[in-house]
Amino acid sequence: MIYRRCDQRASGTSGVIVAFSCLYRFFGSVICHPRRTVYEYLGIRMNRRIGAVSLITGFFLGWFLLPRFIGGRGFESSFGPLGVTRTSKEDFVIKGDHVTILSGAIHYFRVVPGYWNDRLLKLKAMGLNTVETYIPWNMHEPIPGHYEFSGMLDVRHFIRLAQKLDLHVIIRPGPYICAEWDLGGLPGWLLHDPNMKLRTTHPPFLAAVERYFDRLFPILAPLQVSYGGPIIAFQVENEYTAYGNDSAYMQAVHDMMRQRGVVELLVTSDAGGLTDAASFLPPEVLLTVNFQSNPKKSLTSLQNVQPNKPLMVMEYWTGWFHHWNEPAPERSLNAAEAAEGLKTILSMKSSFNLYMFHGGTNFGFMNGANEDHQHSYLPTVTSYDYDAPLTEAGDVTDKYRMLREVIINNAPSSSGEYHTHCTPYCM
């Protein structure tokens, strides 16, 4: 699409040059293809009868607005990105509507595509209005330069299914995702380079990320809510303060996303180190927090670091993963504990994402591993059931029912319709 090619020129280029570039592409498109108008430039098809109005509008957008908003890092200004997802003091503003995000995590790559619609229906039936997913680089580029976006990896189809159910979507594209996934989603072939430095500004690493993003974001960018899709936000990296303190790296990932057409809200996600996280990226990037217990303490810390912005729990850990040779997951929450924690989150007017809503399966050899304090290797089992509200097999649990009751009785009206007629899903 034309808008993305123009957007890529925004990086390191003055607004005037970008304006001329976009105008050149626009007028060339109109001359060569008369039916293309400025409305197609924005992703909406119209006919040639409004060509004159389109030309005037295109000139206005290219000459006056683009120089105002483009300043060397893509579509970004002192007012934030050009997308329609914004923040107010207490909640999110999506297309002008104040919204409390009630989200649940489903990883499309951990669920057979034939079950995607069923899992999304059950998510909506619980009263949630958003689905969140990671994107695993090592699955989409298993061999350097060879990309897979079909079948179980057809992320576009997964996002479109969510849209058909009127769900918003949050995308967490990494490049590092953790997720108890092999090498945190980074491709193993990166390690063929003995000098490779992962998650840093090491030029070979950043070059590999850029090549991958060049293939990924042409799929994701048109699905943003600004262009009629369901994506309302993207996450920059993942829990980086637990790994490093290279602010230049975080800024580089941020810039790569903006340069490739991301106009919606950008967020980070950390279980601690919020002060460091706040210093890594521009103020327009929203900090979010991850935790399992003591929600009041974590949300208060977030509020202190980031006042006058909405609270968001990117990961409310509803259970936990399971290592081989462990009799049970290291830690989890029973249904009553999970429900009580969610009630506290909502009482503090915070949006949330249940991690996980539905865990699914670590197919093949993609299960990740951890290291304990004695540096022992702790591989994750094939099941990623996570003791989530929806089991690995997709069955409703008592935790599902109790969390749903909390949502119905405590979520604000800004979170949308509560789906109380959800038979057979919540019976």
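For the structure, check the block above.
A quick note: this is a predicted structure, and the numbers were derived from the prediction, not measured.

Topic: the sheet that holds strand β1 (residues 85-87)
Line of reasoning, step 1. Across the sheet, which stays open at both edges, the three strands sit in the order β1-β2-β3 with antiparallel pairing between neighbours. Edge strands, defined here as strands with exactly one partner in the open sheet, are β1 and β3 (97-99). Here the average twist between neighbouring strands, direction ignored, is 35°.
Line of reasoning, step 2. As judged from the three bridges shared by β1 and strand β2 (residues 92-94), these two strands associate in the antiparallel manner. Its bridge partner lying in β2, R86 is registered against V93.

Some details on the layout of surface pockets
Line of reasoning, step 1. Here the largest pocket defines a volume of roughly 930 Å³.
Line of reasoning, step 2. If you trace the largest pocket, you find 36 residues lining it, with Y176, C178, E180, E239 and N370 closest to the centre.
Line of reasoning, step 3. At the level of secondary structure, the elements contributing two or more residues to the lining of the largest pocket comprise β10 (312-317) and β12 (369-371).
Line of reasoning, step 4. Considering every element that reaches the lining of the largest pocket, the biggest residue donor is β12, with three residues.
Line of reasoning, step 5. Grouping the constituent residues of the lining of the largest pocket by class yields 19 nonpolar, seven polar and ten charged.

Thoughts on the packing of helix α12 (residues 335-347) against helix α13 (residues 398-410)
Line of reasoning, step 1. α13 packs onto α12 with a crossing angle of 20° between their chain directions and a minimal axis gap of 9 Å. The pairing of α12 with α13 is recorded here as roughly parallel in orientation. Note on packing geometry: the crossing formed by α12 with α13 is right-handed. Residue-level contacts link A335, A336, A338, A339, L342, K343 and L346 of α12 to D398, K399, M402, L403, V406, I407 and N410 of α13.
Line of reasoning, step 2. When grouped by side-chain class, the residues that make up the contact of α12 with α13 number ten nonpolar, one polar and three charged.

A word on the side chain of S269
Line of reasoning, step 1. For S269, the position within the fold is in strand β8 (residues 265-270).
Line of reasoning, step 2. On the basis of relative accessibility, which here comes to 1%, the residue S269 falls in the buried class.
Line of reasoning, step 3. Looking at S269, its side chain comes within polar contact range of the side chain of N290, at 2.8 Å.
Line of reasoning, step 4. With residues up to four places along the chain from it excluded, the contact list for S269 reads R172, Q235, N238, E239, Y240, T288, N290, M314 and E315.

Remarks on the packing of aromatic side chains
Line of reasoning, step 1. Summed over the entire model, instances satisfying the criterion amount to 23 aromatic pairs.
Line of reasoning, step 2. A ring pair is formed by F217 and F234, whose centres lie 6.0 Å apart and whose planes are at 45°; its orientation type is tilted. Of this pair, F217 sits in helix α8 (residues 203-220) while F234 sits in strand β7 (residues 231-235), placing them 17 residues apart in sequence. Note on accessibility: F217 and F234 belong to one class, buried.
Line of reasoning, step 3. Ring centres of W320 and F321 lie 4.9 Å apart, and the angle between their planes is 25°; this geometry places the pair in the stacked category.
Line of reasoning, step 4. A residue is classified by how much of its surface remains accessible, and W320, at 11% relative accessible area, is buried.
Line of reasoning, step 5. Three or more aromatic residues joined by ring pairs form one cluster here, namely W137, W189, F205, Y212, F213, F217, F234, Y240, Y243, Y249 and F280.
Line of reasoning, step 6. Above the ring of Y384, the side-chain terminus of R110 is found at 3.6 Å from the ring centroid.
Line of reasoning, step 7. Lying over the aromatic face of Y176, R199 brings its terminal NZ or CZ to 3.7 Å of the ring centre.

Basis of the calculations
- Residues numbered from 1 in each chain as written.
- Predicted model: local features only at pLDDT ≥ 70, side-chain atom pairs only at ≥ 80, totals over all residues.
- Heavy atoms only, no water.
- Pairing = 2+ DSSP bridges.
- Helix = DSSP H or I, 4+ residues; strand = E, 2+ residues; numbered from the N terminus.
- Axes fitted to C-alpha atoms, helices over the stretch in contact; angles between N-to-C directions.
- 1 Å grid on protein atoms, 1.4 Å probe; cavity = no way out; pocket = protein on both sides within 12 Å on 5 of 7 lines; lining within 4 Å.
- Points joined across faces, edges and corners; volume = space filled by probe spheres on them.
- Nonpolar A, V, L, I, M, F, W, Y, C, P; charged D, E, K, R; others polar.
- Parallel < 35°, antiparallel > 145°, perpendicular 65-115°, else oblique.
- Left-handed = near helix turned anticlockwise from the far one by under 90°.
- Contact = heavy atoms within 4.5 Å.
- Buried < 20%, exposed > 50% of the residue type's maximum accessible area, 1.4 Å probe, protein only.
- Polar contact = N/O pair within 3.5 Å; in protein donor to acceptor, adjacent residues only side chain to side chain.
- Phe/Tyr/Trp six-rings, centres within 6.5 Å; stacked < 30°, edge-to-face > 60°.
- Lys NZ or Arg CZ within 6 Å of the ring centre and 35° of its normal.

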